[in-house]
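What follows is the residue order along each chain.
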Amino acid sequence: MLWTAPSSAAKWKGTRVTPAVFRGALWAVALAFPLAAICALFYRFPVPFSGYQTGLVAVPGALVAVVFYGILGGFPALLTAGGLGGAAAHTLGRPDRQHVRRLTLVFTGLIALLAVGLLAILDKLIGPW
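Only a predicted model underlies this, so the values are computations on that prediction, with no experimental measurement involved.

Visitor: With reference to specific residues and values, describe the overall build of the protein chain.
Guide: From N to C terminus, the protein chain includes five helices and two strands. For the protein chain, the succession of helices and strands along the chain, N to C, is α-α-β-β-α-α-α. Going through the 129 residues of the protein chain one by one, you find that 34% of them count as buried. Residue pairs at least 24 apart in sequence account for 60% of intrachain contacts in the protein chain once pairs closer than 6 positions are excluded. Of the accessible surface of the protein chain, which amounts to about 8,200 Å², a share of 74% is contributed by carbon and sulfur atoms.

Pasting the structure below:
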């Protein structure tokens, strides 16, 4: 019997990066909402047409602001960065699926936190607007 090398599909079977990329993209967008609410509650968050708001009364405005900023380009940016975070998690955590999922959640949480934090301190970086 002749030995044949395994096909490339068989070699990489079960290590598809696609689920991690999709999961990362969706988690980055989904995590932006609670992180913006937490940021508004404890620090501040820019609400369109109202300026920076803080405290419990700012939470609903912060959630609406995430949708507003997302439509203006934040959602595609979060989807892309989250997908890259999922791909990185897949690369670092495979073949253990649970490890990949945990790393994806950590990476995309950091990405969403960075995006929310950037909006919260944007006036300190570019000046008042």
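Once the structure has been displayed, the description carries forward.
Visitor: So, the nonpolar core: which residues are in play, and what are the values?
Guide: Core analysis: the largest hydrophobic core is formed by 17 residues, its most contacted members being A36, C39, A40, F45, V66, L78 and V116. The set of elements that each furnish at least two residues to this core consists of α2 (18-42), α3 (59-93) and α4 (97-120). Of the residues forming this core, the biggest block, seven residues, is contributed by α2. Residues contacting A36, with those up to four places away along its chain left out, are F45, A62, V66 and V116.

Visitor: Give me the lowdown on the confidence of the model for the protein chain, citing residues and values where you can.
Guide: Atomic detail in the predicted coordinates should be set aside for any region of low pLDDT. Of the residues in the protein chain, 88% have a pLDDT of 70 or more, and the chain-wide mean is 88. Contacts from residues 8-12, a stretch scored under 50 in pLDDT, to residues over four places away or in other chains number one contact.

Visitor: So what about the environment of P46? Which residues, and what values?
Guide: When you line up the elements, P46 lands in strand β1 (residues 45-47). Look at P46 and you get buried, because its relative accessible area is 2%. Between the alpha carbons of P46 and A65 there is a distance of 7.4 Å; along the sequence they are 19 residues apart.

Visitor: Explain the packing of α3 against α4 to me, and be specific about the residues and the numbers.
Guide: The geometry of α3 relative to α4 is characterised by a closest axis approach of 8 Å and an angle of 150° between their N-to-C directions. When the axis of α3 is compared with that of α4, the two are roughly antiparallel. For the pair α3 and α4, the crossing hand works out as right-handed. Along the contact surface, α3 presents Y69, L78, A81, G82, G85, G86, A88, A89, H90, L92 and G93, while α4 presents H99, V100, L103, T104, F107, T108, I111, A112, A115 and L119. Of the residues assigned to the contact of α3 with α4, the class counts are 13 nonpolar, eight polar and no charged.

Cut-offs and rules
- Residues numbered from 1 in each chain as written.
- Predicted model: local features only at pLDDT ≥ 70, side-chain atom pairs only at ≥ 80, totals over all residues.
- Heavy atoms only, no water.
- Helix = DSSP H or I, 4+ residues; strand = E, 2+ residues; numbered from the N terminus.
- Buried < 20%, exposed > 50% of the residue type's maximum accessible area, 1.4 Å probe, protein only.
- Contact = heavy atoms within 4.5 Å.
- Areas by Shrake-Rupley, 256 points an atom, 1.4 Å probe, with all protein chains shown as cover.
- Core = buried A, V, L, I, M, F, W, Y, C linked by side-chain atoms within 4.5 Å.
- pLDDT = per-residue confidence, 0-100.
- Axes fitted to C-alpha atoms, helices over the stretch in contact; angles between N-to-C directions.
- Parallel < 35°, antiparallel > 145°, perpendicular 65-115°, else oblique.
- Left-handed = near helix turned anticlockwise from the far one by under 90°.
- Nonpolar A, V, L, I, M, F, W, Y, C, P; charged D, E, K, R; others polar.

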